Amino acid sequence: MSSAPAFLNGEYLPLEECRVSVLDRGFIFGDGIYELITVYQNQPFYLAQHLDRLQRSLSEIKVVSPYSESEWKELITNLIQRSEDQDLAIYIQVTRGVAPRDHVYANNMTPTVFAMANKLPIVPKKFLEKGIELVTTTDTRWQRCDIKAISLLANILAKQEATEADAVETIMIRDDCALEGSASNLFLVRNGIVYTHPKDNLILPGITRDFTIELLEELGIECKQQHIPKDWLYSSDELWITSSTKEVLAATKIDQRLVADGKPGEVWRKTYNLYQQHKM
Ligand SMILES: Cc1ncc(COP(=O)(O)O)c(C=O)c1O
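Residues numbered from 1 in each chain as written. Predicted model: local features only at pLDDT ≥ 70, side-chain atom pairs only at ≥ 80, totals over all residues.

Before going further, it helps to examine the overall build of the protein. A tally of regular secondary structure across the protein gives seven helices and 15 strands. A globule of 280 residues ought to have a C-alpha radius of gyration of about 19 Å, and the protein, at 19 Å, matches this closely. Expressed along its principal axes, the backbone C-alpha trace of the protein runs to roughly 55 × 40 × 35 Å. Put simply, the protein has 280 residues, and 38% of those count as buried. If you take every contact in the protein between residues at least 6 apart in sequence, the share linking residues at least 24 apart comes to 68%. (Helix = DSSP H or I, 4+ residues; strand = E, 2+ residues; numbered from the N terminus. Rg over C-alpha atoms; globule rule 2.2 N^0.38 Å. Buried ≥ 20, exposed ≤ 12 C-beta atoms within 10 Å, placed from the backbone. Contact = placed C-beta atoms within 7 Å.)

If you want it as structure tokens, here you go:
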């Protein structure tokens, strides 16, 4: 299989030829941010929103964006053109750059920019037909989950709990609130109203979350952005997760208990169908 097209500090090259210094602060400290953009039929999906979030993540970690918006767009277009596939997941990572190891950083560092275009993983049919299984765990992440930081250790450990329980995703619980998944946002349906945690420092402001809220508006279904008590997870009519690669998936089991009748619900189906229409 040929290597994925990649970009490193101004150069386009095959993924396996990309090399960065071990003194890169991304490697040493996890000092950087990332973005993941899906591409359907060669068209980036919700690109402006992803680039806004990339810019916001950079500002929050006090790195000046190395590229303008049009340069980021050009980079993405070039990766799409170099790819064999038309449906892609474009990963972009910016770290603070290379320097002798020291917590303190200089303000004039040159950021490291890496990007790669991989084939978009297909959402398994059985996830759509039968729904997925979730587990819950205590959220051990920091207080700035709104930054799309590459330091993902707590998310990784949480996700592994799901994998080891034969589940797909782990829902983070903090102060008895269900916040989001280890790599997705959370939606819950209760008596015809859809709920999701408000945008604050405790969740990543998912682009798919915003898109799902727009879809619900279009469908005329009420969506409240408010705290979700943990015990609602076990008494909801529907539970969903959203992310760029998973789109919107219904969960039919959580912590080994059935969600309602254990089948993907009607509100999810309408939202999922509308999502697919917008992708075209
Ligand atoms: C912690 C977390 N929440 C939510 C999301 C979903 O974000 P998006 O819809 O932009 O893919 C992700 C995606 O990676 C994530 O890591």
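There is more to say, and it comes next.
This next bit is on the domain arrangement of the protein. Once the domains are mapped, the protein shows domain 1 (5–119) and domain 2 (125–279). Between the C-alpha centres of domain 1 and domain 2 there is a distance of 26 Å. With 19 residues of domain 1 at the interface, the matching set in domain 2 holds twelve residues. For the side of domain 1 that touches domain 2, the elements supplying multiple residues, two or more each, are strand S3 (32–40), helix H2 (47–60) and strand S5 (88–95). In terms of residue count, the dominant contributor to the side of domain 1 that touches domain 2 is S3 (seven residues). For the side of domain 1 that touches domain 2, the class distribution of residues is eight nonpolar, eight polar and three charged. (Domains from an automatic or database assignment. Nonpolar A, V, L, I, M, F, W, Y, C, P; charged D, E, K, R; others polar.)

What follows is about the environment of Leu274. By secondary structure assignment, the location of Leu274 is in helix H7 (residues 266–279). Sequence separation of Leu274 and Leu216 is 58 residues, and the distance between their C-alpha atoms is 9.2 Å. Here Leu274 is in contact with Leu215, Glu218 and Leu219, once residues within four sequence places are set aside.

Moving on to the site of the ligand. Every one of the 14 residues lining the ligand counts as a neighbour, but Leu204, Gly206, Ile207, Thr208 and Ser244 are closest to it. If you list the elements that add at least two residues to the shell around the ligand, you get helix H6 (207–219) and strand S13 (238–243). The residue makeup of the shell around the ligand, split by class, is four nonpolar, eight polar and two charged. (Near = placed C-beta within 6 Å.)

Reading across the sheet, the six strands line up as S2-S1-S6-S5-S3-S4 and stay open at both edges, with antiparallel pairing between neighbours. Each edge of the sheet is formed by a strand with only one pairing partner; in this case those strands are strand S2 (11–14) and strand S4 (43–44). (Pairing = 2+ DSSP bridges.)

Let us look at helix H5 (residues 153–164). In this model, H5 (twelve residues) spans 17 Å end to end at C-alpha, consistent with the 16 Å of a helix rising 1.5 Å per residue. Within H5 the residues assigned to the buried category are Asn155, Ala158, Lys159 and Ala162. What you see down the axis of H5 is that its buried residues fit within an arc of 100°, all on one side. For H5, exposure combined with an orientation more than 90 degrees from the buried face picks out Leu153, Ile156, Thr163 and Glu164. Positive backbone phi, at 60°, marks Asp166, one or two positions downstream of H5. (Expected span 1.5 Å × (residues − 1). Arc of directions from axis to C-beta.)

The subject of this paragraph is the nonpolar core. Leu134, Leu186, Leu188, Leu239, Trp240 and Ala251 are the most contacted members of the largest nonpolar core, which has 36 residues in total. Considering every element that reaches this core, the biggest residue donor is strand S14 (residues 247–254), with five residues. Listed in part, the 24 residues of the second largest apolar core include Ile33, Leu51, Val94 and Met116. (Core = buried A, V, L, I, M, F, W, Y, C linked by C-beta atoms within 7 Å.)

Here H2 is 14 residues long and its end C-alpha atoms lie 20 Å apart, about the 20 Å a rise of 1.5 Å per residue gives. Along H2, the positions that sit buried rather than exposed are His50, Leu51, Arg53, Leu54, Ser57 and Leu58. The arc enclosing the buried residues of H2, seen along the axis, measures out at 160°, which places them on a common side. Two residues or fewer past H2, Lys62 is found with a positive phi of approximately 60°.

All right, on to unusual backbone geometry then. Positive phi, normally seen in glycine, also occurs at Lys62, with a value near 60°. Mapped onto the elements of the fold, Lys62 is located in the loop between H2 and helix H3 (69–82). C-beta crowding within 10 Å serves as the criterion here: with 9 such atoms nearby, Lys62 is assigned to the exposed category. With a phi close to 45°, Asp175 is a non-glycine residue in the positive phi region. Residue classification places Asp175 among the exposed residues on the basis of 9 C-beta atoms within 10 Å.

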